[in-house]
Amino acid sequence: RFLLGPFCDKYGPRIPMGIILLISAIPTALTGLVTTTNGLIVLRFFIGIGGSTFVMCQYWTSTMFTKEWVGTANATVGGWGNLGGGIAQLFMGSFLFPVFKNIYDGDSNKAWRTVCVFPALLGLITAYCVIKFTDDSPKGNFSKLKKKNQMKDTNIGKSFSDAILDFNTWLLFAQYACCFGVEITMNNAAALYFKDEFLLSTETAAAIASIFGWMNLFARGLGGFLSDKANAKWGMRGRLAWQSFVLLMEGAMVITFANSTSLASSISVLVFFSIFVQAAEGSTYGIVPYVNPPITGSISGIIGAGGNVGAVAFSFCFRQLDAKDAFVIMGSIIMFTSILSIFIFIPGQPGLMFKKQMQVEPTIPKLSSLSDPKTMGDNESTNSQEHTLNSSLNVSYSSEDTSEKNKNLNDAV
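Residues numbered from 1 in each chain as written. Predicted model: local features only at pLDDT ≥ 70, side-chain atom pairs only at ≥ 80, totals over all residues. Heavy atoms only, no water.

Details of the overall build of the protein chain
Condition: A run of H or I in DSSP counts as a helix once it spans at least four residues, and a run of E counts as a strand once it spans at least two, with each numbered from the N terminus. The buried label goes to any residue with under 20% of its type's maximum accessible area, the exposed label to any with over 50%, and the partly exposed label to all in between, with areas taken from a 1.4 Å probe on protein chains only. Whether two residues are in contact is decided by their heavy atoms: any pair within 4.5 Å suffices. All accessibility values rest on the Shrake-Rupley procedure with a 1.4 Å probe; residue burial counts only the protein chains present in the view.
Across its full length, the protein chain holds 20 helices and zero strands. By residue count, 43% of the 413 residues in the protein chain fall in the buried class. Here the contacts in the protein chain between residues at least 6 apart in sequence split such that 77% fall between residues at least 24 apart. Put simply, the protein chain shows about 22200 Å² of open surface, and 64% of that area lies on carbon and sulfur atoms.

Some words on the packing of helix α11 (residues 180-198) against helix α12 (residues 202-214)
In helix packing, the relevant descriptors are the interaxial angle and the interaxial distance, both defined with respect to the helix axes. Heads up, the condition is: Structural elements are reduced to axes, namely lines fitted to C-alpha atoms, with helices fitted over the stretch in contact, and the angle between N-to-C directions of any two is expressed from 0 to 180 degrees. Note: crossing handedness is left-handed where the near helix turns anticlockwise from the far helix by less than a right angle, and right-handed where it turns clockwise. Asp, Glu, Lys and Arg are counted as charged, while Ala, Val, Leu, Ile, Met, Phe, Trp, Tyr, Cys and Pro are counted as nonpolar; the rest, among them Gly, fall into the polar class.
With their axes 8 Å apart at the nearest point, α11 and α12 run at an angle of 145° to one another. In the packing of α11 onto α12, the handedness of the crossing is right-handed. Within the contact between the two elements, α11 uses E183, M186, N187, A190, A191, F194 and K195 and α12 uses T202, A205, A206, I208, A209 and F212. Among the residues making up the contact of α11 with α12, the classes are represented as nine nonpolar, two polar and two charged.

Overview of the packing of helix α5 (residues 70-103) against helix α6 (residues 108-115)
In plain terms, the rule: Small angles under 35 degrees read as roughly parallel and large ones over 145 as roughly antiparallel, with 65 to 115 read as roughly perpendicular and the rest as oblique.
Running from N to C, α5 and α6 cross one another at 125°; their axes reach a closest spacing of 8 Å. Classified by the angle their axes make, α5 and α6 are oblique. As α5 packs across α6, the resulting crossing turns out to be right-handed. Counted together, M92, L96, F97, F100 and K101 of α5 and S108, A111, W112, T114 and V115 of α6 form the full contact between these two elements. Taken together, the residues of the contact of α5 with α6 break down into seven nonpolar, two polar and one charged.

Re the pattern of salt bridges
Applied cut-off: We count a salt bridge whenever a side-chain nitrogen from Lys or Arg sits within 4 Å of a carboxyl oxygen from Asp or Glu.
Counted under the stated rule, the structure contains six salt bridges. Two residues, D136 and R14, come together in a salt bridge whose shortest N-O distance is 4.0 Å. You can see D136 sitting in the loop between α7 (117-133) and α8 (142-147) and its partner R14 sitting in helix α2 (residues 14-29), a full 122 residues away along the chain. For D136, a relative accessible area of 1% translates into the label buried. Classification of R14 as buried rests on a relative accessible area of 10%. Where K146 meets D153, a salt bridge forms, and the shortest distance between an N and an O atom there is 3.0 Å.

Focus on helix α4 (residues 53-64)
Here is the rule we go by: A helix is expected to span 1.5 Å for every residue after the first.
With 12 residues, α4 extends 16 Å between its outermost C-alpha atoms, agreeing within 8% with the 16 Å of an ideal straight helix rising 1.5 Å per residue. Burial analysis of α4 places 10 of its 12 residues in the buried class, which makes it a mostly covered element. By the burial criterion, the buried members of α4 are T53, F54, V55, M56, C57, Q58, Y59, W60, T61 and S62.

Details of the confidence of the model for the protein chain
Going by this rule: One number per residue, pLDDT, summarises how confident the predictor is, and it ranges from 0 to 100.
The predicted model of the protein chain averages 85 in pLDDT, with 86% of residues at 70 or higher. For residues 357-405, every residue scores under 50 in pLDDT, and the model assigns this stretch 25 contacts once sequence neighbours within four places are set aside.

Overview of the environment of V291
Structurally, V291 can be placed in helix α15 (residues 263-291). As for V291 and F167, which are separated by 124 residues in sequence, their C-alpha atoms are 9.9 Å apart. Apart from the residues within four sequence positions on either side, V291 is in contact with D166, N168, L172, I299, I346 and P347.

Describing a nonpolar patch on the surface
How we decide: Candidate patch residues must exceed 30% relative accessible area and have no salt bridge, after which like charges are joined if within 9 Å and Val, Leu, Ile, Met, Phe, Trp or Tyr side chains if within 5 Å.
On the surface, a nonpolar cluster with roughly 640 Å² of combined accessible area is contributed by L22, I26, L30, L33, L121, L124 and I125. Of all elements in the fold, only α2 and α7 reach the threshold of two or more residues within the nonpolar patch. With three residues, the single largest contributor to the nonpolar patch is α7. With respect to the element layout, I26 can be found in helix α2.

Things to note about the nonpolar core
Short version of the rule: Throughout this description, the term nonpolar core refers to a set of buried Ala, Val, Leu, Ile, Met, Phe, Trp, Tyr and Cys residues connected via side-chain atoms within 4.5 Å.
Among the nonpolar cores identified, the biggest contains 57 residues, and V182, M186, F194, F257, F273, F327 and M330 are the most heavily contacted of them. Among the elements of the structure, α10 (167-177), α11, α12, α14 (236-258), α15, α16 (296-320) and α17 (323-337) are those that each provide at least two residues to this core. No other element matches the 12 residues that α15 contributes to this core. Once you skip the residues sitting within four places of it in the chain, M330 turns out to touch V182, T185, V254, F314 and F318. Among the nonpolar cores identified, the runner-up in size contains 13 residues, and L4, C8, M17 and W60 belong to it.

Here is the structure:
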């Protein structure tokens, strides 16, 4: 994720996405050939590269959608991507595995080894379709835009260094570590926690823990959608306030979950806990495209990697501490990161506690006044300047101005 962000800035999301899908499909198909622990570790490493497609995914939607709706777009595709992992396990484990076990006369070893070919095949098909049939942006592929001099080339090193030196990147890195990192941690720890805490069978504990992942169906998208709504009403201040709120509630839910004494209450809290975790993920990537638009790829990559870093850090807590203590520590850290939104300052945008810097903007008179000599005088350069400013600022015509313009056009014809 760190490395692929700058490549998106330079080459666009299409080619890196196709290449990574292709690279990760090959070891996935070879899973059935593994016979040693070391072989499995190496294979898992290369399959894990596929997770970096998240960076291209978020860059792509940031390019394709306007900033007013980018939160919803980023959150929906991100959430459904996570949901895809659960669907793949369900489809392979509950449908394909029994089918091939029956084909191989009950040999489960051959069955699971064969089943792994199917997600690899789907990855190859998707890689081909991405490269062949998609565009990098609404205006076309980056390579063609550069040939037509409609787009400047990007220096990968400069893009990455600028992203690293942006303080906002690291604040969002920490916050994303406390939402996506928590989701990964829960995927690993929830089933074992329910099994040990409430003496459940492995199958029952796994089924209950899967609730956390299924919330991706709507929760992450909801987080991005509400971030967009807050932006429409209060601007960037609305996005930052929503970000702080969902992180604060997420942390509170973690601590509540750790102190739940009955299975029913634990499951109930888990549902709301999951909703706030994934809403925070969606909210984070509603902010990312604003930080520094020309290097969105590099910034997305660094912040996305924050989720994985957070998962590693929290996993150490669960290895070294009792589960309840680990949950309380994790919840406290999450609640602390909710405060970090106060320190996010994006150029040209208001902060959570402070207004944006005042910018001197030209005062544009109404277009109808351009014909009034008392207002404009006879200075042709002034008229020309005002015409240029109106064009550059995309001033909207009133219905009266438009009808007058159309009348003059008809007379001229």
